[in-house]
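# Understanding the architecture of this molecule
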Amino acid sequence: MTTERDEAFGFDEERPLALSDLADLSGLSEAEVLELVDYGALSPADATAGQCVFTVRAVTIARTARRLREEFELEPHGVALLLSCLDRIRDLEEQLRALQVRLPR
Amino acid sequence: MKFKDYYAILGVERGATEAEIKKAYRRLAHKYHPDVSKEKDAEARFKEVAEAYATLKDAEKRAAYDQLGPHRPGEEIRPPPGWGTQFGEAGSVFEDVDLADLFAGLAGHRGRGRPRGASGGVRGEDYEARVAITVEEAFHGTEVSLDLATTEFDEHGVPRRVPRHVKARIPKGVADGQVLRLPGQGGKGAHGGRDGDVYLAVALRPHRLYRVSDHDLFLDLPVTPWEAALGATVKIPTLAGSVNLKVPAGTRAGHHLRLAGRGLPTPRGGAGDLYAIVQIAMPAELSARERSLVEELAAASTFNPRRHLE
């Protein structure tokens, strides 16, 4: 058994991610990332001619997309649809929680 | 190596068709997949189901699994001599390996992992772990210990389970639900590929006093009716020690009194706020003197809080 000590860190939210970075971190191919962009599941922060740049939020979405694709055996369109439903649920849960913490016990 | 009954895990007969196995897997994945399920122990159940399906959906792996024969779940087993070579794996050693690694190893000769990078190497596997920390630990930063079991493969594709103890520093200002990354702490890369990462999902444990929303904290603050009416300075606990808070005269129940910058730190050096939610607390019993004063107030006051209901 080895013991290693390392710094856990959040992603630098200011740092833009290139298409290749996002593919590398998520386990999706660049083509799959672009397909999710086409379906609206991933939004590039800056899509100039020939260059797609993402924010770090895309890493979580893309990693979830890879899990859903592999573990539910879904086509990219099904993945995009499920991601949008999960995103809505997460937003609603966050709103509910934000309201709950403001209520006295 | 302990036996797992993959057929029982998926709830199918040993002679189930490929279609029946797929259907059973999909039904269980809908129920237990951690991205869509709220079931208790969903993650552990899904892992078991996914492991069973990964073996039974592949004809070659299923044939190898079937050769192990039926056993009781948890029973210690050793594959028969020559078992590995029959399925393309040479010189298998079955120490420190569990059944999932063994069948992952059968895929070794077909190439495993995901090819990445310009070097053409195979990138190490990423791992995901969850850790629950206290609000105080999120405020100060903390260190957590993770026990991971990474699977490594030798040059013949024979798997080996490698336990690893990783200590990770959690920086202050982490938010509930935030995912942190430990670069290079996942599975070992092969053929020049880089090592995988560990993704650490951080959850905040419920706190006795504070409720957390993003980096803001919410605290119930009971005050007496006369403190609310007359105003008062009260001592309240913050994560950095007690502070005095001025309750303005005429404060109503439910008012949010804000202490700017007394919440959890944010990654960019700022901090969330602490909100004290005012509750008007009544004594369980009034002394004779208190009752007399309240009766005097009731007789003297013309205040009607229910005028809008009339």
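Residues numbered from 1 in each chain as written. Chains lettered and ligands numbered in written order. Predicted model: local features only at pLDDT ≥ 70, side-chain atom pairs only at ≥ 80, totals over all residues.

## Some points on the overall build of chain B
Definition in use: Per the convention used, a helix needs a DSSP run of H or I reaching at least four residues, while a strand needs a run of E reaching at least two, with both numbered from the N terminus. We call two residues in contact when their backbone-placed C-beta atoms lie within 7 Å.
Counting its secondary structure elements, chain B contains nine helices and 13 strands. Contacts spanning at least 24 positions in sequence make up 57% of the contacts within chain B whose residues lie at least 6 apart.

## With respect to the sheet that holds strand β13 (residues 274-280) of chain B
Where we set the bar: Pairing between strands is defined by DSSP: at least two bridges between them are needed. In this analysis, axes come from line fits to C-alpha atoms, helices being fitted only over the stretch in contact, and the angle between any two N-to-C directions falls in the range 0 to 180 degrees.
Ordered in space as β8-β9-β13-β12 (chain B), the four strands form an open sheet in which the pairing is mixed. With partners counted over all chains shown, the strands left at the sheet margins are β8 (210-213) and β12 (256-259) of chain B, one partner each. Recorded for the sheet is a direction-independent mean angle of 30° between the axes of neighbouring strands. In the sheet, β8 of chain B pairs with strand β9 (residues 216-223) of chain B via four bridges, with the strands oriented antiparallel. Among the inter-strand pairings, Arg-211 of chain B is bridged to a residue of β9 of chain B, identified as Phe-218 of chain B. Packed on one face of the sheet, helix α4 (residues 76-102) of chain A meets β8 and β9 of chain B and runs near 150° to β8 of chain B.

## Some words on unusual backbone geometry
Note the cut-off: In this scheme every C-beta is placed from the backbone, and a residue whose C-beta has 20 or more other C-beta atoms within 10 Å is buried, one with 12 or fewer is exposed, and one in between is partly exposed.
Phi is positive for Glu-73 of chain A, close to 55°, though the residue is something other than glycine. Take Glu-73 of chain A: it is sitting in the loop between α3 (57-71) and α4. Positive phi, close to 60°, is recorded for Asp-214 of chain B, a residue that is not glycine. Relative to the elements of secondary structure, Asp-214 of chain B occurs in the loop between β8 and β9. You can call Asp-214 of chain B partly exposed: it has 16 C-beta atoms within 10 Å.

## Remarks on the pairing of strand β4 (residues 51-54) of chain A
Residues and elements named next belong to chain A. Side-chain alternation along β4 places Cys-52 and Phe-54 on a buried face and Gln-51 and Val-53 on a face that remains uncovered. Looking at chain direction, strand β2 (residues 17-18) and β4 are connected through two bridges and run antiparallel. Residue pairing for β4: Leu-17 is matched across the bridge by Phe-54.

## Some remarks on the confidence of the model for chain B
Residues and elements named next belong to chain B. To keep it simple, the criterion reads: The predictor reports its confidence for every residue as pLDDT, a score running from 0 up to 100.
The predicted model of chain B averages 86 in pLDDT, with 87% of residues at 70 or higher. Note that pLDDT drops below 50 for residues 109-113; the model gives that stretch ten contacts with residues more than four away or on any other chain. Both scores are available for the predicted complex, with the pTM at 0.77 and the ipTM at 0.75.

## Notes on the packing of helix α1 (residues 19-26) of chain A against α3 of chain A
Residue and element names in this part refer to chain A. Applicable threshold: Here is the rule for angles: anything less than 35 degrees is roughly parallel, anything more than 145 is roughly antiparallel, 65 through 115 is roughly perpendicular, and the remaining ranges are oblique. Helix crossings get a hand from a simple test, with the near helix turned counterclockwise from the far one by less than a right angle marking a left-handed crossing and a clockwise turn marking a right-handed one.
The N-to-C vectors of α1 and α3 enclose an angle of 50°; their axes lie 9 Å apart at closest approach. With respect to each other, α1 and α3 are oriented oblique. Taken as a pair, α1 and α3 cross one another with a handedness that is right-handed. Contacts between α1 and α3 involve Leu-22, Leu-25 and Ser-26 from the former and Ala-58, Val-59, Ala-62, Arg-63 and Arg-66 from the latter.

## Focus: the packing of α3 of chain A against α4 of chain A
All names here are of chain A. Definition in use: Think of it as three bins: nonpolar holds Ala, Val, Leu, Ile, Met, Phe, Trp, Tyr, Cys and Pro, charged holds Asp, Glu, Lys and Arg, and polar takes everything else, Gly as well.
Axis separation between α3 and α4 bottoms out at 10 Å; the angle between their running directions is 125°. The orientation of α3 with respect to α4, classified from their angle, is oblique. Here the hand of the crossing between α3 and α4 comes out right-handed. Of the residues in α4, those in contact with Ile-61, Thr-64, Ala-65, Leu-68 and Arg-69 of α3 are Val-79, Leu-82 and Leu-83. Taken together, the residues that form the contact of α3 with α4 break down as six nonpolar, one polar and one charged.

## A short note on the environment of Arg-67 of chain A
All names here are of chain A. Within the secondary structure, Arg-67 is located in helix α3. The class for Arg-67 is partly exposed, based on 16 C-beta atoms found within 10 Å. Separated by 16 residues in the primary sequence, Arg-67 and Gln-51 place their C-alpha atoms 26 Å from one another.

## Side note on the nonpolar core
Where we set the bar: By our criterion, buried Ala, Val, Leu, Ile, Met, Phe, Trp, Tyr and Cys residues that link up through C-beta atoms within 7 Å make up a nonpolar core. Segment limits for the domains were obtained from an automatic or database-derived domain assignment.
Counting 29 residues, the largest nonpolar core has Leu-200, Leu-217 and Leu-219 of chain B as its most contacted members. For this core, the secondary structure elements donating two or more residues are α7 (135-140), β5 (159-170), β6 (179-182), β7 (198-204), β8, β9 and β13 of chain B. With five residues, β13 of chain B is the largest single contributor of residues to this core. The residue makeup of this core includes at least three contributed by each of domain 2 (124-205) and domain 3 (210-305) of chain B. Beyond its immediate chain neighbours, meaning those up to four positions away, Leu-217 of chain B contacts Tyr-210, Val-212, Gly-263, Leu-264, Gly-272 and Leu-274 of chain B. Counting residues in each nonpolar core, the second largest holds 19 residues, with Leu-17, Leu-25, Leu-42 and Ala-80 of chain A among its members.

## Digging into the sheet that holds strand β3 (residues 127-133) of chain B
Through backbone hydrogen bonds, the strands of a sheet pair up, either in parallel or in antiparallel fashion. Residue and element names in this part refer to chain B. Pairing in this open sheet of three strands is mixed, and the strands run β3-β7-β6 from one edge to the other. A single partner strand is all that each edge strand has here, and the edge strands are β3 and β6. Averaged over all neighbouring strand pairs, the angle between strand axes comes to 30°, with direction disregarded. Bridging between β6 and β7 involves four bridges; their strand directions are antiparallel. Paired with Arg-181 across the bridge in β7 is Tyr-199.

## With respect to the environment of Asp-87 of chain A
You can see Asp-87 of chain A is positioned in helix α4. Once the C-alpha coordinates of Asp-87 of chain A and Phe-54 of chain A are considered, the two residues, 33 residues apart in sequence, prove to be 17 Å apart.

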